[in-house]
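Chain by chain, the residues run as shown.
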Amino acid sequence: MILENETYRCWALMFFFCLAGVLEGSVWGQTKPRAAMKREKADVADTVTVRQNLLVGTDSVAGLADSIALENERQIASLSELKKVSLPEETDSLSTKKMKVKTFVPNPTKATWLAIVLPGAGQIYNHKYWKLPIFYGGFAGCAYALTWNGNMYTDYQNAYRDAVKGNWKSPNITDLLPQNYLDRVPPSQVTEILRKRKDTYRRFRDLSIFAFAAVYLLSIVDAYVDAELSNFDLSPDLSVHLGPSTIDTSHALGKSKNIGLQCSLRF
């Protein structure tokens, strides 16, 4: 009887432990409690609704931004149309002003007459101011040479006249000759020297007059040519090219090539 009771106890304990294990597995087999799972499901639903609301909000903001952009484009298009209507007159006025400034064409006849009346006026009319110092410098040099040679000619002419008359003590002779020059040189030789110098300075005086006239005529010609060539074509098609080249030559022994210089003009 004792053994049977012990056997029953053993079976009862084993059954109890098995039942406890089953209950423990059913309770603790879940990773999370049901309440926590419900809360998580509620949170997920809330986040989904929030995201949907945000998407709806962003769609509305995007729609508003698109409408603002379209309105801006319409305003810009209207402004551009207004500018297209109003700008041509302004640009035409500006272009005409520029054309008036750039298309100054001097009159050759007017430039010539101005240069005749007043030396250098033709260059001023043609807007070539840099030529004025050249011509005025030429006039000043010719005037100085004319004055100098004229004075020297006058002095030697008076001395020669007194020498021919035999008036050797005249100041016209003594001022030109070195001291005691008449004591060392015969009078006939002094007379010949005075005559040659008189003729030399007279020739220089005449050349100065011709030079003055040449500068004057050159200023007139320059004014006319400059005004006449104001419409001359200076496009890039006008060019002169110099370069080496080979030239074929034929002679009694045959043909040969020589090296030369080639000049090509393009109009």
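Right above here is the structure, for reference.
Parameters and conventions
- Residues numbered from 1 in each chain as written.
- Predicted model: local features only at pLDDT ≥ 70, side-chain atom pairs only at ≥ 80, totals over all residues.
- Heavy atoms only, no water.
- Helix = DSSP H or I, 4+ residues; strand = E, 2+ residues; numbered from the N terminus.
- Buried < 20%, exposed > 50% of the residue type's maximum accessible area, 1.4 Å probe, protein only.
- Phe/Tyr/Trp six-rings, centres within 6.5 Å; stacked < 30°, edge-to-face > 60°.
- Lys NZ or Arg CZ within 6 Å of the ring centre and 35° of its normal.
- Contact = heavy atoms within 4.5 Å.
- Axes fitted to C-alpha atoms, helices over the stretch in contact; angles between N-to-C directions.
- Parallel < 35°, antiparallel > 145°, perpendicular 65-115°, else oblique.
- Left-handed = near helix turned anticlockwise from the far one by under 90°.
- Nonpolar A, V, L, I, M, F, W, Y, C, P; charged D, E, K, R; others polar.
- Salt bridge = Lys/Arg side-chain N within 4 Å of Asp/Glu carboxyl O.
- Expected span 1.5 Å × (residues − 1).

**Details of the overall build of the chain**
Moving on, step 1. For the chain, the count of helices and strands is eight helices and two strands.
Moving on, step 2. The buried share among the 267 residues of the chain stands at 17%.

**Examining the packing of aromatic side chains**
Moving on, step 1. Summed over the entire model, instances satisfying the criterion amount to three aromatic pairs.
Moving on, step 2. Between the aromatic rings of Tyr-156 and Tyr-201, the centroid separation amounts to 5.6 Å while the plane-to-plane angle is 15 degrees, which identifies the pairing as stacked. Of this pair, Tyr-156 sits in helix H5 (residues 132-165) while Tyr-201 is found in helix H8 (residues 187-228), placing the two residues 45 residues apart along the sequence. For the pair Tyr-156 and Tyr-201, a shared accessibility class is recorded, and that class is buried.
Moving on, step 3. Between the aromatic rings of Tyr-201 and Phe-204, the centroid separation amounts to 6.4 Å while the plane-to-plane angle is 85 degrees, which identifies the pairing as edge-to-face. A residue pair is termed a helical-turn pair when its members lie 3 or 4 positions apart in one helix, as Tyr-201 and Phe-204 do in helix H8 at three residues.
Moving on, step 4. For Tyr-201, a relative accessible area of 19% translates into the label buried.
Moving on, step 5. The partly exposed category is assigned to Phe-204, whose relative accessible area is 35%.
Moving on, step 6. Its guanidinium or amino end placed over the ring of Tyr-160, Lys-198 lies 5.4 Å from that ring's centre, counting from NZ or CZ.
Moving on, step 7. Seen from the ring of Tyr-153, Arg-205 lies directly overhead, with NZ or CZ sitting 4.7 Å from the centre.

**A look at the side chain of Thr-191**
Moving on, step 1. With respect to the helices and strands, Thr-191 occurs in helix H8.
Moving on, step 2. Among the residues examined, Thr-191 registers a relative accessible area of 16% and is labelled buried.
Moving on, step 3. If we ignore the near neighbours within four places in the chain, the residues touching Thr-191 are Tyr-160, Ala-163, Val-164 and Trp-168.

**So, the environment of Val-221**
Moving on, step 1. Mapped onto the elements, Val-221 comes out in helix H8.
Moving on, step 2. Sequence separation of Val-221 and Ala-111 is 110 residues, and the distance between their C-alpha atoms is 9.7 Å.

**Thoughts on the packing of helix H3 (residues 108-117) against H8**
Moving on, step 1. Running from N to C, H3 and H8 cross one another at 165 degrees; their axes reach a closest spacing of 8 Å. With respect to each other, H3 and H8 are oriented roughly antiparallel. The element H3 and its partner H8 pack so that their crossing is right-handed. Residue-level inspection shows Pro-108, Ala-111, Thr-112, Ala-115 and Ile-116 of H3 in contact with H8, the latter providing Tyr-216, Ser-219, Ile-220, Ala-223, Tyr-224, Ala-227 and Glu-228.
Moving on, step 2. Here the contact of H3 with H8 is composed, by residue class, of nine nonpolar, two polar and one charged.

**Quick notes on the environment of Cys-263**
Moving on, step 1. Tracing the chain through its elements places Cys-263 in strand S2 (residues 254-266).
Moving on, step 2. Put simply, Cys-263 and Pro-244 are 19 residues apart on the chain and 8.8 Å apart in space, counted from C-alpha to C-alpha.

**Some thoughts on the pattern of salt bridges**
Moving on, step 1. The full count for this structure, using the stated rule, is eight salt bridges.
Moving on, step 2. Here Lys-128 makes a salt bridge to Asp-226, at a shortest N to O gap of 2.8 Å. On the criterion of sequence distance, the pair formed by Lys-128 in the loop between helix H4 (121-125) and H5 and Asp-226 in helix H8 is long-range, its members being 98 residues apart.
Moving on, step 3. The residue Asp-199 makes a salt bridge to Arg-195 at a minimum N-O spacing of 3.3 Å.

**A word on unusual backbone geometry**
Moving on, step 1. Positive phi outside glycine occurs at His-127, with the angle close to 65 degrees.
Moving on, step 2. Tracing the backbone through its elements, the reader meets His-127 in the loop between H4 and H5.
Moving on, step 3. The backbone of Asn-180 shows a phi angle near 60 degrees, a positive value even though the residue is not glycine.
Moving on, step 4. Residue class for Asn-180 comes out partly exposed when judged on its relative accessible area of 48%.

**Quick look at H5**
Moving on, step 1. The first and last C-alpha atoms of H5 sit 49 Å apart over 34 residues, in line with the 50 Å expected at 1.5 Å per residue.
Moving on, step 2. Residues of H5 that are buried include every one of Leu-132, Phe-135, Phe-139, Cys-142, Asn-149, Gly-150, Met-152, Tyr-153, Tyr-156, Ala-159, Asp-162 and Ala-163, and no others.
Moving on, step 3. Where H5 is buried, its residues contact H4, helix H6 (171-174) and H8.
Moving on, step 4. Within two residues after H5, Gly-166 carries a phi angle of roughly 85 degrees, on the positive side.

Worth remembering: the numbers are spatial, not functional.
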